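Take a look at the letters that make up each chain.
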Amino acid sequence: MKSKIHKHDKVNVCVVRKNLYFILLVLITFSCKSPEARMPESVQSGSFLKESAERNKKLNALEQKMIESIMQSNPDKDYIASENGFWYYYTNKIESDTLTPMFGDVIDFDFSVSNLEGSEIYASESKTYIMDKEELFTGLREGLKLMKPSESVTFIFPSQIAYGYYGDENKIGTNVPLICEVTLNNINKNND
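Residues numbered from 1 in each chain as written. Predicted model: local features only at pLDDT ≥ 70, side-chain atom pairs only at ≥ 80, totals over all residues. Heavy atoms only, no water.

### A word on the overall build of the chain
Counting its regular elements, the chain contains three helices and six strands. Element order for the chain, N to C, with α for helix and β for strand: α-α-β-β-β-β-α-β-β. Looking at the chain as a whole, 31% of its 192 residues qualify as buried. Summing over all exposed atoms, the chain offers an accessible surface of approximately 13,800 Å²; the carbon and sulfur share of this is 54%. (Helix = DSSP H or I, 4+ residues; strand = E, 2+ residues; numbered from the N terminus. Buried < 20%, exposed > 50% of the residue type's maximum accessible area, 1.4 Å probe, protein only. Areas by Shrake-Rupley, 256 points an atom, 1.4 Å probe, with all protein chains shown as cover.)

So this is what it looks like as structure tokens:
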């Protein structure tokens, strides 16, 4: 038996389809809307930065006192204050040579790392480094630029130019000032 579809049933089906298409179109339009940004939580303007700056000032002052104490307890060492915020003295100074590492030069050096109390963190090891093209903490990178081949220097680095807040994620913790004994063995000049 065949069912008969009446003309008004066809109209009803068309109306229902049109309504469904309209509803789908509305849903798709509004559901694809990109997410709105969350409103920020209200925080006193600049309070975090002010507190952070105060903590850093206190930390720097404490480290400065510790470093000054080390220098005063070693009056036989001729400490030099660098423009980059660290101190150093020569164990072996070369007067005749003027060659120092420049950008892109490949250098070989030996170094050991201690904390300010003199406890060894890393024993002496050799390293090859391409000046300013590889990662190296700020203080040591700037200190190497002052050295000539065969010179040995002892550097004292405040934590902010050593490994800072994060440490080295191995043996050096948060905000640890360092003493590094460094010997520059060789400089291979970049010919570019």
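### Details of the packing of aromatic side chains
In this structure the tally under the stated criterion is eleven aromatic pairs. For the pair Tyr-79 and Tyr-89, a centre-to-centre distance of 5.1 Å together with 75° between the ring planes defines the contact as edge-to-face. With Tyr-79 in the loop between helix H2 (47–72) and strand E1 (80–81) and Tyr-89 in strand E2 (residues 87–92), this pair connects stretches of sequence that are ten residues apart. In terms of burial, Tyr-79 and Tyr-89 fall into one category: buried. With a centroid separation of 5.8 Å and an interplanar angle of 40°, the aromatic rings of Tyr-88 and Phe-155 are classed as tilted. Residue Tyr-88 is located in strand E2, and its partner Phe-155 is located in strand E5 (residues 152–157); the two are separated by 67 residues in the primary sequence. (Phe/Tyr/Trp six-rings, centres within 6.5 Å; stacked < 30°, edge-to-face > 60°.)

### Things to note about unusual backbone geometry
Unlike most non-glycine residues, Asp-132 shows phi in positive territory, near 60°. You can see Asp-132 is positioned in the loop between strand E4 (120–130) and helix H3 (138–144). Judged by relative accessible area, Asp-132 falls into the partly exposed class, the value being 29%. Backbone geometry at Asn-175 places phi at a positive 50°, although glycine is not the residue there.

### Examining the pattern of salt bridges
Where charged atoms from two side chains of opposite charge come close, those side chains can pair. For the structure shown, the criterion picks out seven salt bridges. A salt bridge links Glu-142 to Arg-141, with the shortest nitrogen-to-oxygen separation between them at 3.7 Å. Salt-bridge contacts for Glu-142 lead to Lys-145; the nearest nitrogen and oxygen are separated by 3.2 Å. For Glu-142, a relative accessible area of 18% puts it in the buried group. (Salt bridge = Lys/Arg side-chain N within 4 Å of Asp/Glu carboxyl O.)

### As for the sheet that holds strand E6 (residues 178–188)
Strand order in the open sheet formed by six strands is E1-E2-E5-E6-E3-E4, with antiparallel pairing between adjacent strands. Lying at the two open borders of the sheet, with one neighbouring strand each, are E1 and E4. Across eight bridges, strand E3 (residues 106–115) lies against E4 in antiparallel orientation. When the sheet's bridge partners are listed, Val-113 is paired in E4 with Tyr-122. Across the face of the sheet, H2 comes into contact with E2, E5 and E6 while running at roughly 30° to E2. (Pairing = 2+ DSSP bridges. Contact = heavy atoms within 4.5 Å. Axes fitted to C-alpha atoms, helices over the stretch in contact; angles between N-to-C directions.)

### Notes on the pairing of E6
As defined by bridge partners, E3 adjoins E6 across ten bridges and the pair is classed as antiparallel. Across the sheet, the residue bridging to Asn-115 is Leu-178, located in E6.

### Some remarks on the nonpolar core
Counting residues in each nonpolar core, the largest one holds 27 residues, and the members touching the most others are Phe-109, Leu-144, Phe-157, Leu-178 and Val-182. Breaking this core down by element, the ones donating at least two residues are E3, E4, H3, E5 and E6. Ranked by the residues each element gives to this core, the list is headed by E6, at five residues. Leaving out residues up to four positions away in the same chain, Phe-157 has contacts with Phe-86, Phe-137, Gly-139, Leu-140, Ala-162, Pro-177, Leu-178 and Cys-180. (Core = buried A, V, L, I, M, F, W, Y, C linked by side-chain atoms within 4.5 Å.)

### Thoughts on H2
Taking 1.5 Å as the rise per residue, H2 with 26 residues should run 38 Å; its terminal C-alpha atoms sit 38 Å apart, in good agreement. Within H2 the residues assigned to the buried category are Ser-47, Glu-63, Ile-67, Ile-70 and Met-71. Next to the buried residues of H2 lie E2, E5 and E6. (Expected span 1.5 Å × (residues − 1).)

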